[in-house]
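# Structural description and commentary
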Amino acid sequence: MLATGSAQAATPPELLASYTAQAGAPADPERGRQFFVNRHGQQWACASCHGARPVSAGEHAATGKSISPLAPAFSPQRFTEAAKADKWFRRNCKDVIGRECTAAEKADVLAWLLTLK
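Residues numbered from 1 in each chain as written. Predicted model: local features only at pLDDT ≥ 70, side-chain atom pairs only at ≥ 80, totals over all residues. Heavy atoms only, no water.

Quick look at the packing of helix α1 (residues 12-23) against helix α5 (residues 103-113) now. Geometry of a packed helix pair, given as the angle between the helix axes and the separation of the axes. Closest axis-to-axis distance for the α1/α5 pair is 8 Å, and the angle between their directions is 150°. In terms of crossing hand, the pair formed by α1 and α5 is left-handed. Along the contact surface, α1 presents P12, L15, L16, Y19, T20, Q22 and A23, while α5 presents A103, A104, K106, A107, L110 and A111. Its residues assigned to classes, the contact of α1 with α5 comprises 10 nonpolar, two polar and one charged. (Axes fitted to C-alpha atoms, helices over the stretch in contact; angles between N-to-C directions. Helix = DSSP H or I, 4+ residues; strand = E, 2+ residues; numbered from the N terminus. Left-handed = near helix turned anticlockwise from the far one by under 90°. Contact = heavy atoms within 4.5 Å. Nonpolar A, V, L, I, M, F, W, Y, C, P; charged D, E, K, R; others polar.)

Residue position: S56 is located in the loop between α3 (46-50) and β1 (58-59). Given a relative accessible area of 44%, S56 falls into the partly exposed group. Sequence separation of S56 and A85 is 29 residues, and the distance between their C-alpha atoms is 19 Å. In this structure S56 touches H50 and P69, once residues within four positions along its chain are discounted. (Buried < 20%, exposed > 50% of the residue type's maximum accessible area, 1.4 Å probe, protein only.)

A surface patch of like charges, here positive, comprises K65, K84, K87, R90, R91 and K94. Residue position: K65 is located in the loop between β1 and β2 (66-67). With a relative accessible area of 60%, K65 lands in the exposed category. (Patch = residues over 30% accessible without salt bridge, like charges linked within 9 Å, V, L, I, M, F, W, Y side chains within 5 Å. Areas by Shrake-Rupley, 256 points an atom, 1.4 Å probe, with all protein chains shown as cover. Salt bridge = Lys/Arg side-chain N within 4 Å of Asp/Glu carboxyl O. Lys, Arg positive; Asp, Glu negative; His and termini not counted. Charge placed at Lys NZ, Arg CZ, Asp CG, Glu CD.)

Examined against the element boundaries, K106 turns out to sit in helix α5. Accessibility expressed as a relative area gives 13% for K106, which makes it buried. Excluding its chain neighbours within four sequence positions, the residues that come into contact with K106 are Y19, D86, F89 and C101.

Enumeration over the complete set of coordinates arrives at five salt bridges. Among the salt bridges present, the one from E30 reaches R33, with a minimum N-O distance of 2.8 Å. With a gap of three residues between them, E30 and R33 both fall in helix α2 (residues 29-37), about one helical turn apart. One connected set of salt bridges, linked through shared partners, spans D28, R31 and D108.

Function-wise, these values are silent; they only describe arrangement.
Dropping the structure here:
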């Protein structure tokens, strides 16, 4: 299993397998899509910056800074470093849900992102 939290190179499917193993349950892409597009009692949803279908560049809702596509098929460098993926999940989940995401939430979102072709 891939050790998240390290700078270790990974593939998106390997990272998904790691999150799924940590969650102890299979990832659900539809649950990931719902998580991504819905607000969770906070000001923003993931889709606020990345778009409802994150296959093209997004824009940070507060700063206006351009964000490269989130779906790995459209941005091959995405989800290729466990430490970087964990850093961005931690940061963005705090903005979107007011806490860190669980391994299951990460797995669901990544499973959905991997369906986008």
